[in-house]
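Listed below, chain by chain, are the residues.
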Amino acid sequence: MILELNSGDTAWVLTSASLVLLMTPGLALFYGGMVRAKSVLNMIMMSFLSIGIVGVLWVLYGYSMSSGTSIGGLIGNPLEYFGLNGIIGTPDDGVPTFAGVAFGSTFAIITVALISGAIADRVKFSTWAVFSIIWATLVYFPVAHWVWGDGGWIGSLGVIDFAGGTAIHINAGAAALVLALVVGPRLGFGTRPMRPHNMTLVMLGAALLWFGWFGFNAGSAGASDAIASLAWVNTLVAPAAAMLGWLVVEKLRDGHATSLGAASGIVAGLVGITPAAGSLSPLGSLVLGVVVGVACAYAVGLKYKFNYDDSLDVVGVHLVGGLVGTLLIGLLADPAIPDNAAGLFYGGGFTQLGLQAIGAFSAMAYSLVVTLIIALILKAAMGWRVSAADELGGIDLAEHSEVGYDLSPVYYSSKVQRTLVLSADDVPTNEKTGA
């Protein structure tokens, strides 16, 4: 039966979609601050390109592949809603279908953008663009159908993934690991310092991500109701606890707590609570946050032990955080929450934990295999790496003919009564007045 439009729920879903869309520019700033100054624009552009590419694909066939009539539980019919034709105005939950289309598009966009952090400083922008098209089509859209599509096999099993631990974070983290291995490390990785060039951008990006994540998680309730309110509170407490956990690890291990650690701990906690936001009590979310923060603080160091250059710790934060958060549902799911299974610690046995493991590792395995095939084909057909000279000189200038910070001298010309931003060689000697 078609219900009348619920204006409150519709407003919340659309607001949440806007918050989640803001997360991708937030991610761009977060990633951009973490790279060296000569790569900041390229890093930001990789996220913004995801908005352009995935936004178009979602309208053409992405929504249909994710939410169309299921074909064997593996994929939605890509032609059913091609170009969003045939979308009805109000489904039986009282929220217009287009509101769901909008909300889902933002998830697809940020999933692709997340991967870019693993290959910072060194890949061709054109190859990244082609990869984004293929990966979204062959990996994200099908896995999103598995988890959330009507008839998708992971969701049908009873696996709990409230807002995207499997479809987004494990999926993107596994792809990031593959690309880091196929592309290879940055020149000087492990021997030269590659510190973040602008921690102010990093902290601003983390703040925008946290702000947008309230829409990410609370909006996944699909209504302005009690579950959305619970998800909002859990999205506060888990990242807060994860940040503290990460900082304690840094203090004990390294002797100091850093702003980069605080920002990374926040994101780790957000990743961990994403699949569990509608299943855990606030106390359970606090426990999850601490565990995820500590686990990810140690996991980011694995790249040095195993010599893979996951530039901005996508594997250590998103893959590990997504796995931990998804699996902890099997331990901490609170049966007092309506329509929720009981975790092991609440007397539910190992059933839910087993289901969570099936969902998590199936999504990871699929992403690893398909991403590897895509990455190797593109390596042979287009090549992934910019030249060594372009990498050393700065990928911003090589790929975009721009720099993030124009530090050329500024001169004032009294003849034209305006300020000129020129190099010293461009200004006649008699016009140089200093700056």
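The structure presented is a predicted model; accordingly, all values stated were derived computationally and were not measured.

### Describing the overall build of the chain
And then number 1: Within the chain, the regular secondary structure consists of 15 helices and four strands.
And then number 2: Relative to the compact-globule value of 22 Å for 435 residues, the chain shows a C-alpha radius of gyration of 23 Å, a close match.
And then number 3: Each of the three principal axes of the chain carries a C-alpha extent, and together these read 80 × 55 × 45 Å.
And then number 4: The proportion of buried residues among the 435 residues of the chain is 54%.
And then number 5: Sequence separation of 24 or more characterises 74% of the internal contacts of the chain that already satisfy a separation of 6 or more.
And then number 6: Put simply, the chain shows about 17,300 Å² of open surface, and 67% of that area lies on carbon and sulfur atoms.

### Comments concerning the pattern of salt bridges
And then number 1: In the structure shown here, the tally under the stated rule is seven salt bridges.
And then number 2: Put simply, Asp313 and Lys303 hold a salt bridge, and the shortest N to O gap is 2.9 Å. Of this pair, Asp313 sits in the loop between helix H11 (302–306) and helix H12 (314–332) while Lys303 is found in helix H11, placing the two residues 10 residues apart along the sequence. Both residues of the pair, Asp313 and Lys303, belong to the buried class.
And then number 3: Via salt bridges that share partners, Arg36, Asp121, Arg122, Arg186 and Asp309 belong to a single interconnected network.

### Brief notes about the nonpolar core
And then number 1: Counting 111 residues, the largest nonpolar core has Phe30 and Trp384 as its most contacted members.
And then number 2: Once residues lying within four places of it in the same chain are set aside, the contact partners of Phe30 are Leu201, Val202, Gly205, Ala206, Leu209, Ala263 and Val267.
And then number 3: With eight residues, the next largest nonpolar core counts Val147, Ile154, Val159 and Ala167 among its residues.

### A word on the packing of helix H7 (residues 199–218) against helix H9 (residues 259–273)
And then number 1: Axis separation between H7 and H9 bottoms out at 10 Å; the angle between their running directions is 15°. As the angle between them shows, H7 and H9 are arranged roughly parallel. The way H7 lies across H9 gives a crossing that is left-handed. Between H7 and H9, the contacting residues are Met199, Val202, Met203, Ala206, Leu209, Trp210, Trp213 and Asn217 on the first element and Ser259, Leu260, Ala263, Ile266, Val267, Leu270, Val271 and Ile273 on the second.

### Examining empty space enclosed by the protein
And then number 1: What the rule picks out here adds up to two cavities of 30 Å³ or more.
And then number 2: Lining of the largest cavity is provided by 14 residues; of these, Phe30, Val267, Leu312, Val317 and His318 occupy positions nearest its centre.
And then number 3: Take the lining of the largest cavity: its biggest share by element is four residues, from helix H1 (residues 7–34).
And then number 4: Taken together, the residues of the lining of the largest cavity break down into 11 nonpolar, two polar and one charged.
And then number 5: Within this model, the second largest cavity holds a volume of roughly 30 Å³.
And then number 6: As for the second largest cavity, its lining consists of Arg36, Lys38, Leu187, Arg192, Glu391 and Leu392.

### Things to note about the packing of helix H6 (residues 165–183) against H12
And then number 1: Across the interface, H6 lies against H12 with an axial gap of 8 Å and an inter-helix angle of 145°. As for how H6 packs across H12, the hand of that crossing is left-handed. Between H6 and H12, the residues in contact are Gly165, Thr166, His169, Ile170, Ala172, Gly173, Ala174, Ala176 and Leu177 and Val314, Val315, His318, Leu319, Gly322, Leu323 and Thr326, respectively.
And then number 2: A class-by-class count of the residues in the contact of H6 with H12 yields nine nonpolar, seven polar and no charged.

### Considering the side chain of Ser47
And then number 1: Mapped onto the fold, Ser47 is located in helix H2 (residues 40–67).
And then number 2: Leave out the neighbours within four places in its chain, and Ser47 touches Thr24, Leu27, Ala28, Ala113 and Ser116.

### A word on the environment of Ala263
And then number 1: The residue Ala263 is located in helix H9 in this model.
And then number 2: Note on Ala263: relative accessible area 0%, which makes it buried.
And then number 3: Distance from Ala263 to Met243, taken between C-alpha atoms, is 7.3 Å for residues 20 residues apart in sequence.
And then number 4: Those residues in contact with Ala263 that lie beyond four places of it in its chain are Phe30, Val202, Met203 and Ala206.

### Some points on unusual backbone geometry
And then number 1: A positive phi angle, near 65°, is found at Leu84, a position not held by glycine.
And then number 2: Relative to the helices and strands, Leu84 is located in the loop between strand E2 (75–76) and helix H3 (97–115).

### A closer look at a nonpolar patch on the surface
And then number 1: On the surface, Leu283, Leu286, Val287, Val290 and Val291 cluster together to form a nonpolar patch covering roughly 390 Å² of accessible area.
And then number 2: Looking at the secondary structure, you find Leu283 in helix H10 (residues 282–299).

### Focus on the packing of aromatic side chains
And then number 1: Scanning the model with the defined rule gives 17 aromatic pairs in all.
And then number 2: With centroids separated by 4.4 Å and ring planes inclined at 5°, the aromatic side chains of Phe107 and Phe216 adopt a geometry described as stacked. Here Phe107 is found in helix H3, whereas its partner Phe216 is found in helix H7, with 109 residues between them in sequence. The exposure classification of Phe107 matches that of Phe216, with both residues buried.
And then number 3: Ring geometry for Trp213 against Phe216: centres 5.2 Å apart, planes inclined by 50°, an arrangement best described as tilted. Taken together, the residues Trp213 and Phe216, both in helix H7 and three residues apart, mark about one turn of the helix. Neither residue differs from the other here; Trp213 and Phe216 are each classed as buried.
And then number 4: What links up through ring pairs into an aromatic cluster is the set Trp58, Tyr61, Tyr63, Tyr81, Tyr140 and Phe141.
And then number 5: Of note, Arg253 hangs over the ring of Tyr298, and the distance from its end group to the ring centre comes to 5.7 Å.

Rules behind the numbers
- Counting starts from 1 at the beginning of each chain's written sequence and moves along it residue by residue.
- At least 70 in pLDDT is required for a residue's local features to be given in this predicted model, at least 80 for side-chain atom pairs to be given and counted, and no such filter applies to totals for whole chains, interfaces and linings, which use all residues.
- Note that water and hydrogens are dropped before the side-chain values are worked out from all heavy atoms of the structure.
- To qualify as a helix, a DSSP run of H or I must reach at least 4 residues; to qualify as a strand, a run of E must reach at least 2; elements of each kind are numbered from the N terminus.
- C-alpha atoms define the radius of gyration in this analysis, and the globule rule sets the expected value at 2.2 Å times the number of residues to the power 0.38.
- Categorising residues by exposure relies on relative accessible area from a 1.4 Å probe, with only protein chains included: less than 20% of the type maximum marks a residue as buried, more than 50% marks it as exposed, and the intermediate range marks it as partly exposed.
- Any two residues whose heavy atoms approach within 4.5 Å at even a single point are treated as in contact.
- Residue-level accessible areas treat just the shown protein chains as cover; the underlying method is Shrake-Rupley with a 1.4 Å probe.
- Each reported salt bridge corresponds to a side-chain nitrogen of Lys or Arg within 4 Å of a carboxyl oxygen of Asp or Glu.
- We define a nonpolar core as any set of buried Ala, Val, Leu, Ile, Met, Phe, Trp, Tyr and Cys residues linked to one another through side-chain atoms lying within 4.5 Å.
- The angle between two axes is taken between their N-to-C directions and runs from 0 to 180 degrees, where each axis is a line fitted to C-alpha atoms and a helix contributes only its stretch in contact.
- The labels follow the angle: roughly parallel below 35 degrees, roughly antiparallel above 145, roughly perpendicular from 65 to 115, and oblique for the rest.
- Rotating anticlockwise by less than a right angle from the far helix to the near helix defines a left-handed crossing, while the corresponding clockwise rotation defines a right-handed one.
- Points on a 1 Å grid, built from protein atoms alone, make a cavity when a 1.4 Å probe fits but cannot get out and make a pocket when they are open with protein on both sides within 12 Å along at least 5 of 7 lines; residues with an atom within 4 Å of a point are the lining residues.
- Grid points are joined across faces, edges and corners, and a volume is the space filled by probe spheres set on the points.
- Throughout this entry, Asp, Glu, Lys and Arg are counted as charged residues, while Ala, Val, Leu, Ile, Met, Phe, Trp, Tyr, Cys and Pro are counted as nonpolar. The remaining residues, Gly among them, count as polar.
- In this analysis, a patch consists of residues with relative accessible area above 30% that form no salt bridge, clustered at 9 Å for like charges and at 5 Å for the nonpolar side chains Val, Leu, Ile, Met, Phe, Trp and Tyr.
- Stacked, edge-to-face and tilted labels apply to pairs of Phe, Tyr and Trp rings (six-membered ring for Trp) whose centres lie within 6.5 Å, assigned for plane angles under 30 degrees, over 60, and everything in between, in that order.
- The criterion is that NZ of a Lys, or CZ of an Arg, lies within 6 Å of the ring centre and within 35 degrees of the ring normal, and then a charge sits over that ring.

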